[in-house]
Amino acid sequence: MPFQTPSPSRRKFLANSALLANSALLASAFTGNSCIGINRLLGSCVETGRSTTAQEVPQWLASVAKCVVTPQTNVWLAGYGSKRSPDGKIHDLWLKVLALAIEPSAPLILITSDFQGVPKSMSDRVFARLQSDLHIARSQVMFTFSHNHCGPRLGDDLIDYYPFEAEQESLVESYTDAMVELTIQTVRQALLDLAPASLATTKGQTHFAVNRRNNPEAEVPRMLAQSEPFRGPVDHDVPVLIVTREPDEPLAILFGYACHPTTLSFNTWCGDYPGFAQQEIEQQFPGATAMFVNTCGGDQNPLPRRSLELCRKYGRMLSDAVVAAMQLPRTPLAAELHHAFTMIDLPYLEVVSRQQLQSLASDNNAIRARWASRLLKRLDDGQTFEASYPYPLHVWRLGTDTLFIGMGAETVVDYALHFKKIYGTQTWVCGYTDDMISYIPSRRVWEEGGYEGGANLFEYGRPALRWSGNIEQQIHASVDLLVNKIYTPK
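Below is a short write-up of the structure. Since the structure is predicted, the reported quantities are computational estimates derived from the model, not experimental observations. (Residues numbered from 1 in each chain as written. Predicted model: local features only at pLDDT ≥ 70, side-chain atom pairs only at ≥ 80, totals over all residues. Heavy atoms only, no water.)

Let us now look at the overall build of the chain. For the chain, the helix and strand inventory stands at 11 helices and 21 strands. Summarising the internal contacts of the chain: among those between residues at least 6 apart in sequence, 80% fall at separations of at least 24. Carbon and sulfur atoms make up 50% of the accessible area of the chain, which amounts to about 19,000 Å² in all. (Helix = DSSP H or I, 4+ residues; strand = E, 2+ residues; numbered from the N terminus. Contact = heavy atoms within 4.5 Å. Areas by Shrake-Rupley, 256 points an atom, 1.4 Å probe, with all protein chains shown as cover.)

Below is the structure:
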């Protein structure tokens, strides 16, 4: 381990902070009255009436807030590379916020959601508004999404996946605008409700994720029937964070698993297995908010799949793992909170040329042809392409040794296995954070090629066909710098 864990520091506790709030109407593109405590959400966010109190023992402050984000318009479902008009709803989709602080003026904000992918064009707007409206810095916020494939389109995420229809683009734009506003308001609500709490971690396991690169989907039923071991790396850990207020009832239950939410492929709004798992947990713990993060499931699938029955089954398996873990001894977290953040430039192997785009504009692959035509227009408009892409990395430390590592996009499982080996079993490695960039392969996956490691950046609209082969090394080094930063005594 490249650092030495310091003794818990003594800190001052700022109490009795309040935020002024006024009520207002939300945009009509989402469920109108679905946000918890909506009348308290809007307005200026000026700290007032704050007194400073020296505390012998620092104390956690925590709160949660949540809102329904199920579209009320005909926004297409995201993913699977096709036009998918919604035909109904199994259950609502949610956006949830967990705020953690030692001092009210310096909270960390974790946003979880049932979205397929939040693009940079949307999340950057959220970060800018949080800074301007609530004085919450970019470094203090992780905006995660489950990668649920029965959720709605957002902004320009996977823009070339879909045939162009002007009416649909207008619906997506309106819905995305509403989601930006709703996210700000839900964070505001969480900040209004900060109160003393305790935090503890535990861990379970479940086993429905299968490495899809090493186990052909058609072979999985036979392998299961014959008890044939699956091949390839997996991460079956189910980390659990329990946030509790008096009288010893969970306020929030945050849990993770490394697996694509692609059990379902129909056109009905649903949170897939994470949605069912959250429902089950909230039924067993009334009053608690269950929150899911996809750890590093870029190359993991729930197999077998493609049925609602299987989706419910996997949701129960995951919720059962969480509930069982909560019966085990818990590790209390001392009231100590540190964070570090950086954006690094991930280099492409080669920026695509005009000549390459011209040859691909008539490609039989409709997504690739749309991508090439769109990029050609950008060149015709005088634009140039960057040779790299800005990649977000977060590290949070809760207590003395619990780490949350937040990574953009579809990270493969190798990242989680590596960081947990280096930094310890109390490490959470969350992919699908801040920006739905593309698959982020490890060097192993990059060398093997295939869907997650090969020439598929065009699907995500990037002006290149592939990442440079050294991005894993660059990410490892950058995370290590962040981890050492938050463990450096001040």
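This next bit is on the packing of helix H8 (residues 413-423) against helix H11 (residues 471-486). Here H8 crosses H11 at 35°, and the two axes come no closer than 12 Å. As H8 runs across H11, the sense of the crossing is right-handed. Together, Tyr415, His418, Phe419 and Tyr423 of H8 and Ile471, Glu472, Ile475, His476, Val479, Asp480 and Val483 of H11 make up the contact between the two elements. A per-class count over the contact of H8 with H11 returns 7 nonpolar, 2 polar and 2 charged. (Axes fitted to C-alpha atoms, helices over the stretch in contact; angles between N-to-C directions. Left-handed = near helix turned anticlockwise from the far one by under 90°. Nonpolar A, V, L, I, M, F, W, Y, C, P; charged D, E, K, R; others polar.)

Remark: helix H4 (residues 272-284) packs on helix H5 (residues 308-326), axes separated minimally by 7 Å, with the N-to-C direction vectors making an angle of 50°. Classified by the interaxial angle, the pair formed by H4 and H5 is oblique. For the crossing formed where H4 meets H5, the hand is right-handed. Counted together, Asp272, Tyr273, Phe276, Ala277, Glu280, Ile281 and Gln284 of H4 and Leu308, Cys311, Arg312, Tyr314, Gly315, Arg316, Leu318, Ser319, Val322 and Val323 of H5 form the full contact between these two elements. Of the residues contributing to the contact of H4 with H5, the split by class is 10 nonpolar, 3 polar and 4 charged. (Parallel < 35°, antiparallel > 145°, perpendicular 65-115°, else oblique.)

So, about the environment of Leu199. Tracing the sequence through the fold places Leu199 in strand E9 (residues 195-205). Between the C-alpha atom of Leu199 and that of Arg245, which follows or precedes it by 46 residues, the distance is 9.1 Å. When neighbours within four sequence positions are excluded, Leu199 is seen to be in contact with Trp60, Leu100, Leu241, Ile242, Val243, Thr331, Pro332, Leu333 and Leu398.

Moving on: the pattern of salt bridges. Evaluated as defined, the whole model comprises 28 salt bridges. Where Asp133 meets Arg129, a salt bridge forms, and the shortest distance between an N and an O atom there is 2.8 Å. Of this pair, Asp133 and Arg129 both sit in helix H1 (residues 120-134), 4 residues apart, which is roughly one turn of the helix. Looking at Arg129, the relative accessible area reads 25%, which means it is partly exposed. (Salt bridge = Lys/Arg side-chain N within 4 Å of Asp/Glu carboxyl O. Buried < 20%, exposed > 50% of the residue type's maximum accessible area, 1.4 Å probe, protein only.)

When you tally the buried positions in strand E6 (residues 94-101), you get 7 out of 8 residues, the bulk of the element. In this sheet, E6 lies alongside strand E5 (residues 60-68) in antiparallel orientation, the contact comprising 8 bridges. Considered in E6, the bridge of Lys66 is made with Lys96. In the sheet, E6 pairs with strand E7 (residues 108-113) via 6 bridges, with the strands oriented antiparallel. By the bridge assignment for E7, Val97 is matched with Ile111. Following E6, the chain reverses through 6 residues before pairing antiparallel with E7. (Pairing = 2+ DSSP bridges.)

This part is about H4. The end-to-end C-alpha distance of H4 is 19 Å, a good match for the 18 Å that 13 residues give at a rise of 1.5 Å each. Every buried residue of H4 is accounted for by Asp272, Tyr273, Pro274, Gly275, Phe276, Ala277, Gln278 and Ile281. Of the surrounding secondary structure, the elements contacted by the buried residues of H4 are E6, strand E12 (249-257), strand E13 (289-294) and H5. (Expected span 1.5 Å × (residues − 1).)

For the rest of this paragraph, the subject is the pairing of E7. When you tally the buried positions in E7, you get 6 out of 6 residues, the bulk of the element. Every second residue of E7 is oriented toward a common face, with Leu108, Leu110 and Thr112 on one face and Ile109, Ile111 and Ser113 on the other, all of them buried. Strand direction decides the pairing type here: E7 and strand E8 (residues 141-143), joined by 3 bridges, are parallel. Bridging from a neighbouring strand, Ile111 pairs with Phe143 of E8. Note on the crossover from E7 through H1 to E8: the handedness is right-handed. (Right-handed = clockwise from strand over helix to strand, strands pointing away.)

Turning next to the sheet that holds strand E20 (residues 427-430). Strands sit in the order E16-E17-E18-E20 across an open sheet of 4 strands; the sheet is mixed. In the strand order of this sheet, the two ends are held by strand E16 (337-347) and E20, each with one partner. Here the strands of the sheet are splayed against their neighbours by 15° on average, with no regard to which way each runs. Alignment of strand E17 (residues 388-398) against strand E18 (residues 402-407), held across 6 bridges, turns out to be antiparallel. In the strand pairing of E18, Leu393 is matched with Met407. Against the sheet, H11 contacts E16, E17 and E18, and its axis sits at roughly 160° relative to E16.

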